[in-house]
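Chain and residue survey
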Amino acid sequence: MKINNNSDFKIELPKYIKSLIDLLNSKGYEAYAVGGCVRDCVMGRLPNDFDMTTNATPDEMLTVFCEYKVIETGLKHGTLTVISENIPVEITTYRVDGEYHDSRHPDKVYFTRNLKDDVSRRDFTVNAMAYNDKTGIVDFYGGIDDIKKKLIMAVGDADKRFKEDALRIIRALRFASVLGFDIEEKTAFAASENAELLKNISAERINVELKKLLLGKNAIKILKEHSDILAFVSPEMFSSCTEKLKKLSTAPDDVNVFFAFLLTDSTEKEANEALSRLKFSNAERKEITELLSLQKKDIPKNKIEMKFFISETYIELIPKYFMLLSALGKGTSSAEKYYAEIRDNKECVYISDLKVNGNDLSKTGISKGEKIGQALKFLLRAVISGEVENKKEELLEFAKNNFLE
């Protein structure tokens, strides 16, 4: 990347953003795209969304955007959402923050007319750039240089930034993982020194950041280098992960598999406690704990064993099971071949795959209720083991011979 002059660097702003900037400018106000969207454009990445900042106060913005649909997102903090071409855009007044007492939110914010005051309170230099077509990139804190160096560096005093908002500690790790960057030395030291403050951050917010971190291209490196920080978030997952990660050359590309990998040395109780504490959904907890249970079983050695193995879980989970075994350094090629044959041929592995149902069995004279259920399970085992073909007449005959007195 070569940028000789920030004013020469042009970003192709979407029309729905440019029109808002132009409208504010026409009313005498400054306005910029700001933060991650500028960073992504400088890096040649497609931004997920565009945020804006302006020296117009919330009341002034309400006047400027009187013909737009406006949602008063956080008016007292200077933010409102303007719907432009059916796309919501958050626009925030330049502001400076007051004191922080909860390691997360300022007690009060103060509006300012100065852009530098606003970006000085932001987390990292790469996120502290602003842009409009007239001015080009405004980069007070060297964000472009840090992108060139592939560094995550705090704006100003790193210790102060993390004490203000401890979530920034996890965000530093997340950005480094996702962008493939390193964390600047003083920033990394301050993150480690303040890691205990993470106890003040909601589990839901940490959960979101962790998932993004684990799916980043630099995840393994970041976990190895900063497991001491992450251990404050979940000792079960991270306090002894460094050794485990040494044998992992490629991170699992499924986040639940990665969490299961990190929890493989934990007891069932410890795993459940960790997942509950970090507010995983019931569905996520079920999948992760099921993967932990499956990986403790013997790997199926033939097709029949594979069918019985699948019958005890759900077939969609098996590829994730193989992914977990691979991360743990276990060979799965034969088992994967059997699975592929079973899946592609839609072979019988569940009661619902049988060519008979409970009504069919009841017509043969088998009592309703518990015995019907037992018979269906018996038939499934017989089909899987090859004792009888999955054909209606043969199954009914087999059931009569084994369940009718």
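What counts, and where the lines are drawn
Residues numbered from 1 in each chain as written. Predicted model: local features only at pLDDT ≥ 70, side-chain atom pairs only at ≥ 80, totals over all residues. Heavy atoms only, no water. Helix = DSSP H or I, 4+ residues; strand = E, 2+ residues; numbered from the N terminus. Expected span 1.5 Å × (residues − 1). Buried < 20%, exposed > 50% of the residue type's maximum accessible area, 1.4 Å probe, protein only. Arc of directions from axis to C-beta. Phe/Tyr/Trp six-rings, centres within 6.5 Å; stacked < 30°, edge-to-face > 60°. pLDDT = per-residue confidence, 0-100. Contact = heavy atoms within 4.5 Å. Axes fitted to C-alpha atoms, helices over the stretch in contact; angles between N-to-C directions. Parallel < 35°, antiparallel > 145°, perpendicular 65-115°, else oblique. Left-handed = near helix turned anticlockwise from the far one by under 90°. Nonpolar A, V, L, I, M, F, W, Y, C, P; charged D, E, K, R; others polar. Core = buried A, V, L, I, M, F, W, Y, C linked by side-chain atoms within 4.5 Å. Pairing = 2+ DSSP bridges. Polar contact = N/O pair within 3.5 Å; in protein donor to acceptor, adjacent residues only side chain to side chain. 1 Å grid on protein atoms, 1.4 Å probe; cavity = no way out; pocket = protein on both sides within 12 Å on 5 of 7 lines; lining within 4 Å. Points joined across faces, edges and corners; volume = space filled by probe spheres on them.

Observations regarding helix H21 (residues 392–403)
Helix length check: H21, at 12 residues, gives a terminal C-alpha distance of 16 Å against a target of 16 Å (1.5 Å per residue), a fit within 8%. For H21, the complete set of buried residues consists of Leu395, Leu396, Phe398, Ala399 and Phe403. One side of H21 carries all its buried residues, which in axial view fall inside an arc of 160°. Turned more than 90 degrees from where H21 packs its buried face, Glu393 and Asn401 sit exposed.

Description of unusual backbone geometry
The phi torsion of most residues other than glycine is negative, and most of the peptide bonds are trans. The phi dihedral of Glu85 is positive, around 55°, even though this residue is not glycine. Looking at the secondary structure, you find Glu85 in the loop between strand E4 (79–84) and strand E5 (87–93). A relative accessible area of 48% means that Glu85 is categorised as partly exposed. One non-glycine residue with positive phi stands out, namely Lys150, at about 60°. Along the chain, Lys150 falls in the loop between helix H5 (143–149) and strand E10 (151–152).

Quick word on the packing of aromatic side chains
Aromatic ring pairs: the centre-centre distance and the angle between the two ring planes describe each pair. Scanning the entire structure with this criterion turns up 9 aromatic pairs. Centroid distance Phe258 to Phe261: 6.3 Å. Interplanar angle 70°. Geometry classified as edge-to-face. Of the two residues, Phe258 and Phe261 are both situated in helix H13 (residues 255–262); the distance of 3 residues between them amounts to about one turn of the helix. We note that Phe258, like Phe261, is buried. Consider the rings of Phe322 and Tyr339, whose centres lie 5.9 Å apart with planes at 70°: the pair is edge-to-face. Taken together, the positions of Phe322 in helix H17 (residues 318–327) and Tyr339 in helix H18 (residues 333–344) put the pair 17 residues apart, joining distant regions of the chain. You can call Tyr339 buried: its relative accessible area is 8%.

Topic: the confidence of the model for the protein chain
Across the protein chain, the average pLDDT comes to 92, with 95% of residues at or above 70. Below pLDDT 50 for its whole length, residues 1–5 participates in 8 contacts with residues either more than four positions away or in separate chains.

Considerations on the packing of H13 against H17
Relative to each other, H13 and H17 sit at 45°, their axes nearing to 10 Å. Overall, the two elements H13 and H17 adopt an arrangement that is oblique. As for how H13 packs across H17, the hand of that crossing is right-handed. Of the residues in H17, those touching H13 at Val257, Ala260 and Phe261 are Lys320, Met323, Leu324 and Ala327. Class assignment of the residues belonging to the contact of H13 with H17 gives a composition of 6 nonpolar, no polar and 1 charged.

Brief notes about the nonpolar core
Side chains that are nonpolar tend, in soluble globular proteins, to be buried together. If you look at the biggest cluster of nonpolar residues, it comprises 105 residues, and the most contacted ones within it are Met52, Ile152, Met237, Phe258, Phe261, Met306 and Ile310. Top contributing element to this core by residue count: helix H7 (residues 167–179), with 8 residues. The contacts of Met52, once residues within four sequence positions are left out, are Ile17, Leu20, Ile21, Leu24, Ala31, Tyr32, Ala33, Val34, Val89, Glu90, Ile91 and Thr92. Within the second largest apolar cluster, 19 residues are counted, among which are Leu361, Leu379, Ala382 and Val388.

Considerations on the pairing of strand E1 (residues 31–34)
Residues of E1 alternate between two faces, with Ala31 and Ala33 on one and Tyr32 and Val34 on the opposite face, all of them buried. Two elements, E1 and strand E2 (residues 51–54), share 4 bridges in a ladder whose sense is antiparallel. Residue pairing for E2: Val34 is matched across the bridge by Asp51. In the sheet, E1 pairs with strand E8 (residues 130–132) via 2 bridges, with the strands oriented antiparallel. Considered in E8, the bridge of Val34 is made with Ala130.

As for the pairing of strand E3 (residues 69–74)
Bridge count between E3 and E4: 4 bridges; the pairing is antiparallel. Bridge assignment links Lys69 to a residue of E4, and that residue is Ile83. Turn length for the E3-E4 hairpin, with the two strands adjacent in sequence and antiparallel, is 4 residues, and the turn residue Gly78 shows positive phi of about 90°.

Thoughts on the side chain of Arg122
By secondary structure assignment, the location of Arg122 is in the loop between helix H4 (115–119) and E8. Within the structure, Arg122 has its side chain in polar contact with the side chain of Asp118 (distance 3.0 Å).

What about the environment of Cys41?
Tracing the backbone shows Cys41 in helix H2 (residues 36–42). Judged by relative accessible area, which is 19%, Cys41 ranks as buried. For the pair formed by Cys41 and Glu12, sequence separation is 29 residues and the distance between their alpha carbons is 8.6 Å. Cys41 has contacts with Phe9, Ile11, Pro47 and Phe50, leaving out every residue within four places of it along the chain.

Points about the sheet that holds E1
Strand order in this open sheet of 7 strands is E3-E4-E5-E2-E1-E8-E9, and the pairing throughout is mixed. At either margin of the open sheet sits one strand with a lone partner, and together these are E3 and strand E9 (136–138). Neighbouring strand axes in the sheet, compared pairwise and without regard to direction, differ in orientation by 35° on average.

Comments concerning the layout of surface pockets
One number sums up the size of the largest pocket: a volume of about 1,500 Å³. Along the wall of the largest pocket there are 43 residues; nearest its centre are Asp51, Glu90, Arg122, Asp123 and Arg171. Going through the elements one at a time, H2, E2, E3, E5, strand E6 (95–97), H7 and helix H9 (203–214) are the ones with two or more residues in the lining of the largest pocket. Top contributing element to the lining of the largest pocket by residue count: H7, with 7 residues.

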